[in-house]
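As a plain string of letters, each chain reads:
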Amino acid sequence: MDTRADILHSTDWTRAFHAYGPATDAPEFLAGLLSEQEEVRERALGYLNSAILHQGTVYPATPPVALFVAGVLGEPAVD
C-alpha cells in the first residue's frame, strides 16, 4: 500500500488550511516533489517553505504534509 497516494487522495484538503488559506493546492505541490523536472521540485520546496512552514506555525495541513514528505525521503528525486 502506498501511503503517499493515500495521503494525497484521502485527505480532505478543503478542510485543512495553511498560511494562505485552504490547502487544496497541496496535492499538486506535494506530487511535484517527485517530479523529474528540477524547476517543479524547486517550486514544491518553495511551497513547503512558504505555505506549510510559514513562520514556524503548525497548521491543520501540516500533519498530512509531514507524513507525505516523510514517505518520500528515500526517493531519488528528493535527493
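Residues numbered from 1 in each chain as written. Predicted model: local features only at pLDDT ≥ 70, side-chain atom pairs only at ≥ 80, totals over all residues. Heavy atoms only, no water.

Undergrad: Would you mind showing me how to read helix H1 (residues 3-10) here?
TA: One full turn of an α-helix is made of 3.6 residues, so residues set three or four places apart face in the same direction. Every buried residue of H1 is listed here: Arg 4, Ile 7 and Leu 8. Projection of H1 onto a plane perpendicular to its axis shows the buried side chains occupying an angular sector of 95 degrees, all on one side. Exposed and facing more than 90 degrees away from the buried side of H1 are His 9 and Ser 10. Where H1 is buried, its residues touch helix H2 (26-32) and helix H4 (62-72). (Buried < 20%, exposed > 50% of the residue type's maximum accessible area, 1.4 Å probe, protein only. Helix = DSSP H or I, 4+ residues; strand = E, 2+ residues; numbered from the N terminus. Arc of directions from axis to C-beta. Contact = heavy atoms within 4.5 Å.)

Undergrad: Quick question: what am I supposed to make of the packing of aromatic side chains here?
TA: Note on aromatic pairs: each is described by the distance of the centres and the angle between the planes. Counted according to the given criterion, the structure contains two aromatic pairs. Residues Phe 17 and Tyr 59 carry aromatic rings whose centres are separated by 6.3 Å and whose planes lie at 70 degrees to one another, so their mutual orientation is edge-to-face. Of this pair, Phe 17 sits in strand S1 (residues 17-18) while Tyr 59 sits in the loop between helix H3 (38-52) and H4, placing them 42 residues apart in sequence. Judged by relative accessible area, Tyr 59 falls into the buried class, the value being 13%. (Phe/Tyr/Trp six-rings, centres within 6.5 Å; stacked < 30°, edge-to-face > 60°.)

Undergrad: Explain the side chain of His 18 to me, please; I cannot follow it from the model alone.
TA: Mapping His 18 onto the fold places it in strand S1. At a separation of 3.0 Å, a polar atom in the side chain of His 18 contacts the side chain of Asp 25. If we ignore the near neighbours within four places in the chain, the residues touching His 18 are Ala 23, Asp 25, Tyr 47, Ala 51, Ile 52, Tyr 59 and Ala 61. (Polar contact = N/O pair within 3.5 Å; in protein donor to acceptor, adjacent residues only side chain to side chain.)

Undergrad: Help me understand the nonpolar core, please; the structure alone is not making it clear to me.
TA: Side chains of a nonpolar character, in soluble globular proteins, are inclined to be buried together. In this structure, Trp 13, Leu 30, Leu 48 and Phe 68 are the most contacted members of the largest nonpolar core, which totals 17 residues. Those elements giving two or more residues to this core turn out to be H1, H2, H3 and H4. The element best represented in this core is H3, accounting for five residues. The residues touching Trp 13, leaving out its near neighbours within four places in the chain, are Ile 7, Leu 8, Pro 22, Ala 23, Thr 24, Ala 26, Pro 27, Leu 30, Ala 61, Pro 64 and Val 65. (Core = buried A, V, L, I, M, F, W, Y, C linked by side-chain atoms within 4.5 Å.)

Undergrad: Teacher, can you tell me more about the packing of H1 against H4 here?
TA: When two helices pack together, their arrangement is given by the angle between the helix axes and the distance between those axes. Orientation of H1 relative to H4, taken along the N-to-C sense of each, is 155 degrees, at an axis distance of 9 Å. The orientation of H1 with respect to H4, classified from their angle, is roughly antiparallel. Handedness of the H1/H4 crossing: left-handed. Within the contact between the two elements, H1 uses Arg 4, Ile 7 and Leu 8 and H4 uses Pro 64, Leu 67, Phe 68, Gly 71 and Val 72. Here the contact of H1 with H4 is built from residues that sort into six nonpolar, one polar and one charged. (Axes fitted to C-alpha atoms, helices over the stretch in contact; angles between N-to-C directions. Parallel < 35°, antiparallel > 145°, perpendicular 65-115°, else oblique. Left-handed = near helix turned anticlockwise from the far one by under 90°. Nonpolar A, V, L, I, M, F, W, Y, C, P; charged D, E, K, R; others polar.)

Undergrad: Explain H4 to me, please; I cannot follow it from the model alone.
TA: Taken together, the buried positions of H4 are occupied by Thr 62, Pro 64, Val 65, Phe 68 and Val 72. Buried positions along H4 lie against H1, H2 and H3.

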